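So the chains spell out like this:
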Amino acid sequence: MPYIVKFASSKKKRQKTLIMKILVCISNVPDTTTKISFTNNDTTFNAAGVQFVINPFDEWYALVRALELKETLGGNVTIIHVGGADSEPTIRKGLAIGADDAVRIDTEPNDAFAVAEQIAAYAKDKGFDLIMAGKETISYNSAMVGGMLAELLNLPYISLATKLDIAGSVATIEHDIDGGTEVVECPLPFILSANKGMSEARIPNMRGIMAARSKPLTVVAPIASDKLTNIVSYKLTAGRTDCKYIDASTPEKLVELLHTEAKAI
Amino acid sequence: MSVLVYTEIGKGKIKKASLEAVNYGKRIAAQLNTSVTAIIVGGDADLSDLGKAGAKKVLKLKNDKLTNLDGKYLAEAIEQVATAENSTIIVFSHDFTGKEVAPRIAAKFKAGIVAGAVDNPVISGDSFSVMKNVFSGKATAVYSINSAKKIISLLPNSFPVLLTDDTAEIADFTVNLDNITSPVKVKEVKKDTSELNLPDAEVVVSAGRGMKGPENWGMIEELAKSLGAATACSRPVADMHWRPHHEHVGQTGVAIRPNLYFAIGISGAIQHLAGVNGSKTIVVINSDKDAPFFKSADYGIVGDAFEVVPKLIQAIKDFKANQN
Ligand SMILES: Cc1cc2nc3c(=O)[nH]c(=O)nc-3n(C[C@H](O)[C@H](O)[C@H](O)COP(=O)(O)OP(=O)(O)OC[C@H]3O[C@@H](n4cnc5c(N)ncnc54)[C@H](O)[C@@H]3O)c2cc1C
Ligand SMILES: Nc1ncnc2c1ncn2[C@@H]1O[C@H](COP(=O)(O)O)[C@@H](O)[C@H]1O
C-alpha cells in the first residue's frame, strides 16, 4: 500500500501531537443570483460586476463540517484555493467562518485537472489526515477535482458524502450512491467530496471577520502544468420564450397540448 | 483503437444512461472509422441492448474486488481494458459512478476530460471539441481537448436512446487487481425503494412549499403515477422533512433534465431553476400569477393546486383511456 509508505511520517506525528490536520479545497464562484455574461466574442467570462462567493458545497458542507470536527476532536483546518489575488476576499471569508489558515496557489485554474494537480503537489508531503472538496463547483460543474486528487495522491476517495464522523483514526461516512446511500468505514487519511447533509450553514460573526484579517494566508507558486483542455467559446442558454397559459378549469387542454404540441406525453 | 464506453446494469437490465453513452460512443466511432467496445462489470443480465445501442464488442469484467463499487478497483480495471484495447477515447455517463471513476481515469492517463457533455464532439483533424453546461445551465461552453487520450462523461438525458437490430460479440475480460488494495469497508447499503430513479426519469412531478404539508402529497404521487413519473421537491420541502432528501432538486440538490417537468406550488427561485432548467418542457401550476417560475415555463396554469391537480389527474386518466 504505497500511500501508507508516503504518509508514514505524518502518522507518527499524529500519534505524538494528536492533532487532526484537515485541508478544505475552496473555489471562488459567481453567486447564483448574479447575471453572467461573456466578452471577447464570447470567449471570456466577464467578471466585471459579478458577486463572487465560496462555492456553496465547499462552504456549507465541507468547511463547516471540518470546523465542527476540529471543535470536537481538536485540530487545524487549512483552506486551499487555486486562483489569482482577486479571489482573496473569498479566502478571507473562509477564514472568517473559522478556518485557521489559508493557502493560495497563485495561478488561474485552467480546468479541474489543473486544480487537482496544484493541490496534490502542495498537499503530498504535508501529512493532512483528511482532504475535503465540495460536490462540484456551481461555475464549471465538473465534480472531478476530488477523484483526481485521490488518484494523484493515491488515497481513498469517498464521493458525495452526506455524513462524516471520526473516531480515533477511522472515519464513518455515509454517502450517496446510485439509487441509494452507502455507509463506509475508511481509515485516515482520505479524500471526500461533500454533499448536502454534512452540516448546516454558518454565518461569520464580527469576531471571526476581525480575526480573519490576521490569520495567515500563504501564497504558493504553482508547479508547471499542461493545458489538457481549454474553453473555446461560451454561449448563454436561450431562455424560454413565452409561457402558454391554460385556464385552471380546463386542465384537459394542457394534456392535449402536451400530447400534440410538446410531444411530451 | 476502439471507443471505450463504461456501462452498468441496474434493476436487472442495462441502465438507460449507459445506453445513451453507447449511442454517443457509436456516433464518435463513426466519425473516426472505428467501433465501440462496451465494458460491463459482472454482466449477469441480458446484454443484447448493448449491441442494439451500437457496441461491436462487450467485455465482461470479472474480479471479486469489483462487486462493491470502489473507484480505486474499478479505475484500475478500466485502465487495464483501455490499455489492452489501445483506446484513446473513453466515454462514461456523468452519473454517480462516472463522477467517482472518470476523474481517476483522467488522472491516471493525464487525459483531458469534459465532464457533463451535452452534445456530440466536433472532430476535425487534430481538433476535438465538446460542449457542456456551465454556470448551472445558464450557459454552455465548448471545450477543446488537447491531450492524446480523451475522456467524456455524458450528461444523462441529453439524447434519446436509439436501438437497432445489431448484435455485439460478448467476451470475458480478466483484470488483475492482485496488487491493488483499498481500505474502504462497506458497512451498509440502503437502496431507496422508489421504482424510478429521479435522474433517469423522463417525466418528473415536483412540488414545493405551496403544498402546505406532507399530508398533501397523495395527489402529487397520484399525478406522478398517472404519468409514470418520478416525484421531486424543492429544497425547503426536503429541509422540513416533508419529503426524502434524495427528491430535492436544484442547485444544491439533484440536477435533472427530464422530457417533462411539472412544478406545483414552487415559486421558481433561481437556485431551484439551476437544477431543472435543462428540462425539455416545463409546466408550472401556481396560485400566484406573478410567481417567477412562469417566466421559465412552457405551459402555465394559474390556480390553486388543491383544485387543479385532481382535475389534471382525471384529465390524464381520460387521455390514457382514450389512447388505448
Ligand atoms: C445557495 C442556495 C442554494 C439553494 N439551493 C436550492 C435548491 O437546490 N433547490 C431549491 O428548490 N431551492 C434552493 N434554494 C432555496 C430557494 O432560494 C428557494 O427558497 C426555494 O426554492 C423555495 O421553495 P418553494 O418554491 O417550494 O417555496 P416558496 O418560495 O415558499 O414558494 C411556494 C410557492 O407556492 C405557491 N403556492 C402557495 N399556495 C399554493 C396553492 N394552493 N396552489 C398553488 N401554488 C401555491 C406560492 O405562490 C409560491 O410561489 C437555495 C437557496 C440558496 C440561498
Ligand atoms: N480553483 C480551485 N481551488 C481550490 N479548490 C477547488 C478549485 N476548483 C474546484 N475546487 C474544489 O473541487 C471541488 C469540485 O470542483 P469541480 O470538479 O471543478 O466541480 C470544489 O467543490 C472545490 O472543493
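Computed from a predicted model, the values in this text were never measured in an experiment.

Thresholds applied
- Residues numbered from 1 in each chain as written.
- Chains lettered and ligands numbered in written order.
- Predicted model: local features only at pLDDT ≥ 70, side-chain atom pairs only at ≥ 80, totals over all residues.
- Heavy atoms only, no water.
- pLDDT = per-residue confidence, 0-100.
- Salt bridge = Lys/Arg side-chain N within 4 Å of Asp/Glu carboxyl O.
- Helix = DSSP H or I, 4+ residues; strand = E, 2+ residues; numbered from the N terminus.
- Buried < 20%, exposed > 50% of the residue type's maximum accessible area, 1.4 Å probe, protein only.
- Axes fitted to C-alpha atoms, helices over the stretch in contact; angles between N-to-C directions.
- Parallel < 35°, antiparallel > 145°, perpendicular 65-115°, else oblique.
- Left-handed = near helix turned anticlockwise from the far one by under 90°.
- Contact = heavy atoms within 4.5 Å.
- Nonpolar A, V, L, I, M, F, W, Y, C, P; charged D, E, K, R; others polar.
- Near = heavy atom within 4 Å.
- Polar contact = N/O pair within 3.5 Å; in protein donor to acceptor, adjacent residues only side chain to side chain.
- Areas by Shrake-Rupley, 256 points an atom, 1.4 Å probe, with all protein chains shown as cover.
- Buried area = accessible area lost by both parts, 1.4 Å probe.
- Pairing = 2+ DSSP bridges.
- Patch = residues over 30% accessible without salt bridge, like charges linked within 9 Å, V, L, I, M, F, W, Y side chains within 5 Å.
- Expected span 1.5 Å × (residues − 1).

The next subject is the confidence of the model for chain B. As a note on interpretation, predicted positions should not be read in detail where pLDDT is low. The pLDDT averaged across chain B works out to 95; a share of 100% of its residues lies at or above 70. The ipTM value of the predicted complex is 0.93, and its pTM value is 0.93.

With that settled, consider the pattern of salt bridges. This model, assessed by the stated rule, comprises 31 salt bridges over all chains. For B:Lys16, the salt bridge goes to B:Glu202, with nearest N and O atoms at 3.5 Å. Separated by 186 residues along the polypeptide, B:Lys16 in helix α1 (residues 16–31) and B:Glu202 in the loop between β13 (185–191) and β14 (203–207) bring together distant segments of the chain. With its nearest N and O atoms 2.9 Å apart, the salt bridge here joins B:Arg243 to B:Glu247. Given the relative accessible area of 12%, B:Arg243 is considered buried. Through salt bridges that share partners, A:Glu151, B:Glu76, B:Glu79, B:Arg104 and B:Lys108 make up one connected network.

The next point concerns the packing of helix α2 (residues 56–73) of chain A against helix α3 (residues 88–97) of chain A. All names here are of chain A. Running from N to C, α2 and α3 cross one another at 40 degrees; their axes reach a closest spacing of 10 Å. In terms of axis orientation, α2 runs oblique to α3. Between α2 and α3 lies a crossing whose hand is right-handed. Between α2 and α3, the residues in contact are Glu59, Leu63 and Leu67 and Lys93, Gly94 and Ile97, respectively. A breakdown of the residues in the contact of α2 with α3 according to their chemical character gives 3 nonpolar, 1 polar and 2 charged.

We now examine the side chain of B:Ser226. Its location among the elements puts B:Ser226 in helix α5 (residues 218–227). Excluding residues within four positions of it along the chain, B:Ser226 makes contact with B:Ile316 and B:Lys320.

In the predicted model, chain A carries a mean pLDDT of 92, and the fraction of residues at 70 or more is 93%. Low pLDDT, under 50, characterises residues 1–9 of chain A; the predicted model gives this stretch 18 contacts beyond four residues in sequence or across chains.

Moving on, we come to the site of ligand 2. Residues and elements named next belong to chain A. The environment of ligand 2 is formed by 19 residues, the closest being Cys25, Asp58, Gly134, Ala143 and Met144. With respect to ligand 2, the backbone of isoleucine 26 contributes an N or O atom lying 3.3 Å from a nitrogen atom. When ligand 2 is considered free in solution it has 480 Å² of accessible area, and contact with the protein chains removes 95% of it. For the shell around ligand 2, the elements supplying multiple residues, two or more each, are β6 (75–82), α4 (112–123) and β8 (130–134). Per element, the largest residue contribution to the shell around ligand 2 is 3 residues, and it comes from β6. When the residues that make up the shell around ligand 2 are grouped by side-chain class, the tally is 11 nonpolar, 6 polar and 2 charged.

Attention now goes to the interface of chain A and chain B. In this assembly, 82 residues from chain A lie in contact with 84 residues from chain B. Summed over both sides, the interface between chain A and chain B buries roughly 7100 Å², with carbon and sulfur atoms accounting for 57% of that surface. The largest share of the area that chain A buries against chain B comes from A:Asp178, A:Lys196 and A:Arg240, three residues that together contribute 11% of it. In this structure, the connection of chain A to chain B is made through 9 salt bridges. Residue A:Arg240 is joined to B:Asp298 by a salt bridge in which the shortest nitrogen-to-oxygen separation is 2.7 Å. The tally of links between chain A and chain B comes to 47 residue pairs in polar contact (both at pLDDT 80 or more). Across the side of chain A that touches chain B, the residue classes break down as 44 nonpolar, 19 polar and 19 charged. Note that strand β14 (residues 229–236) of chain A and strand β10 (residues 139–145) of chain B share 7 bridges and pair antiparallel.

All names here are of chain A. On the surface, a cluster of nonpolar side chains totalling about 290 Å² of accessible area is made up of Met206, Ile209 and Met210. Its place among the elements puts isoleucine 209 in helix α6 (residues 206–214). With a relative accessible area of 35%, isoleucine 209 lands in the partly exposed category.

All names here are of chain A. The end-to-end C-alpha distance of α4 is 16 Å, a good match for the 16 Å that 12 residues give at a rise of 1.5 Å each. Among the 12 residues in α4, 11 count as buried, and that is most of the element. Of all the positions in α4, only Ala112, Phe113, Ala114, Val115, Ala116, Glu117, Gln118, Ile119, Ala120, Tyr122 and Ala123 are classed as buried.

Okay, the pairing of strand β11 (residues 180–187) of chain A next. Of all 8 residues that make up β11(A), 6 are buried, and the element is covered over most of its length. The pairing of strand β10 (residues 170–177) of chain A with β11(A) spans 8 bridges and is antiparallel. Pairing of A:Ile173 across the sheet is with A:Val184, part of β11(A). Where β10(A) folds back onto β11(A) in an antiparallel hairpin, the turn is made up of 2 residues, including A:Gly179, whose phi is positive at roughly 70 degrees. Bridge count for β11(A) against β13(B) is 6 bridges, and the pairing is antiparallel. Paired with A:Gly180 across the bridge in β13(B) is B:Lys191.

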